[in-house]
Amino acid sequence: LLFILMFGLMFGDVGHSGLLLIAGITMWVRGRAKVHDAGVILAFCGGSGMLFGLLYGNVFGYDFGGRSGPFIHPLENVNTLLGITVAFGIFVISMGIVLNIVNRLRRREYAAASFDRFGLVGGIFYWGAIVLAAQSLVAGRPVGWLAILLLVVAPLAILFVYRPAVLLVRRLRGGKESSHE
């Protein structure tokens, strides 16, 4: 669903997306197995692109809505749309981290939920880096060394040491290692 939404946001054009919708429906109805599945995705992407094309007022690259009304013109609102897509990406990655932590906790994998790159420590690094970058780049305020140490350097050090530590403990306990480890 998120891919389809992001596709529409990036490809908003009623005409081109309509062609994708027609091709997707044709593949969906007449295709077998993988072609059928690709047709479903293509049809939904075409529909999403058409909806955003209506919002942008764009058909086959031409504006049909003028410069007033409810239309968003991507070339005139580059920073707004870029901000929306960056915020959307941060949201998607954050939800992935949170869901990974929840799933690891439900499976009672407490170490992985805490110290994995997509666990709590990885989340602290990711969110800390975003906060520090926003503070520095957007707000124009200097970032203190303590914040960098706690939100970036310490989590990176933990992430760097976690996997070798797990392998070392496994080896010391007499566990077998797989060939790639």
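Residues numbered from 1 in each chain as written. Predicted model: local features only at pLDDT ≥ 70, side-chain atom pairs only at ≥ 80, totals over all residues. Heavy atoms only, no water.

A.B. asks: What should I look at first to understand the nonpolar core in this one?
C.D. replies: Note on soluble globular proteins: their nonpolar side chains tend to be buried together. In terms of nonpolar packing, the biggest core is built from 6 residues, these being Met6, Leu9, Phe52, Tyr56, Leu81 and Phe88. Those elements that provide at least two residues to this core are helix H1 (2-11), helix H3 (33-56) and helix H4 (78-106). Those residues in contact with Phe52 that sit more than four places away from it in its chain are Leu5, Gly8, Leu9 and Gly12. (Core = buried A, V, L, I, M, F, W, Y, C linked by side-chain atoms within 4.5 Å. Buried < 20%, exposed > 50% of the residue type's maximum accessible area, 1.4 Å probe, protein only. Helix = DSSP H or I, 4+ residues; strand = E, 2+ residues; numbered from the N terminus. Contact = heavy atoms within 4.5 Å.)

A.B. asks: Sorry, what's going on with helix H6 (residues 120-138) here?
C.D. replies: For an α-helix, 3.6 residues make a turn, and residues three or four places apart therefore share a direction. Taking 1.5 Å per residue as the helical rise, H6 with its 19 residues ought to reach 27 Å, and the 26 Å between its terminal C-alpha atoms agrees with that figure. Those residues of H6 that fall on the buried side of the exposure criterion are Val121, Gly122, Gly123, Tyr126, Gly128 and Leu132. Buried residues along H6 sit against H4, helix H5 (110-115) and helix H7 (145-172). With its phi angle positive at about 75°, Gly140 sits one or two positions after the end of H6. (Expected span 1.5 Å × (residues − 1).)

A.B. asks: When you look at the side chain of Asp13 in this model, what are you seeing that I'm missing?
C.D. replies: Relative to the helices and strands, Asp13 is located in the loop between H1 and helix H2 (14-30). A distance of 2.9 Å separates a polar atom in the side chain of Asp13 from the backbone nitrogen of Gly15. Among the polar contacts listed, one links the side chain of Asp13 to the backbone nitrogen of His16, at a separation of 3.0 Å. With near-sequence residues (within four places) excluded, Asp13 lies in contact with Gly49, Met50, Gly53, Asn58, Val59, Phe60 and Gly61. (Polar contact = N/O pair within 3.5 Å; in protein donor to acceptor, adjacent residues only side chain to side chain.)

A.B. asks: So what exactly am I meant to see when it comes to the packing of aromatic side chains here?
C.D. replies: By convention here, two paired aromatic rings are described through the distance between centres and the angle between planes. By the definition in use, this model includes 5 aromatic pairs. For the pair Phe52 and Tyr56, a centre-to-centre distance of 6.1 Å together with 50° between the ring planes defines the contact as tilted. With Phe52 and Tyr56 both in helix H3 and 4 residues apart, the pair spans about one turn of that helix. Its relative accessible area of 16% is what places Phe52 among the buried residues. Aromatic ring contacts, followed pair by pair, group Phe3, Phe7 and Phe11 into a single cluster. (Phe/Tyr/Trp six-rings, centres within 6.5 Å; stacked < 30°, edge-to-face > 60°.)

A.B. asks: What should I look at first to understand a nonpolar patch on the surface in this one?
C.D. replies: A grouping of Trp145, Leu146, Ile148, Leu149, Leu150 and Val153 is seen on the molecular surface, where their side chains present a nonpolar patch of about 600 Å² in accessible area. Relative to the helices and strands, Trp145 is located in helix H7. For Trp145, a relative accessible area of 66% corresponds to the exposed category. (Patch = residues over 30% accessible without salt bridge, like charges linked within 9 Å, V, L, I, M, F, W, Y side chains within 5 Å. Areas by Shrake-Rupley, 256 points an atom, 1.4 Å probe, with all protein chains shown as cover. Salt bridge = Lys/Arg side-chain N within 4 Å of Asp/Glu carboxyl O.)

A.B. asks: Is there a simple way to think about unusual backbone geometry in this case?
C.D. replies: What is expected of a backbone is that most residues other than glycine have negative phi and most peptide bonds are trans. For Ala33, which is not a glycine, the phi torsion comes out positive at approximately 45°. Looking at where Ala33 falls in the secondary structure, it is placed in helix H3. Of the residues examined, Ala33 reaches a relative accessible area of 60% and is grouped as exposed. One non-glycine residue, Arg108, adopts positive backbone phi at about 60°. As for its position among the elements, Arg108 is in the loop between H4 and H5. Residue classification places Arg108 among the exposed positions, given a relative accessible area of 63%.

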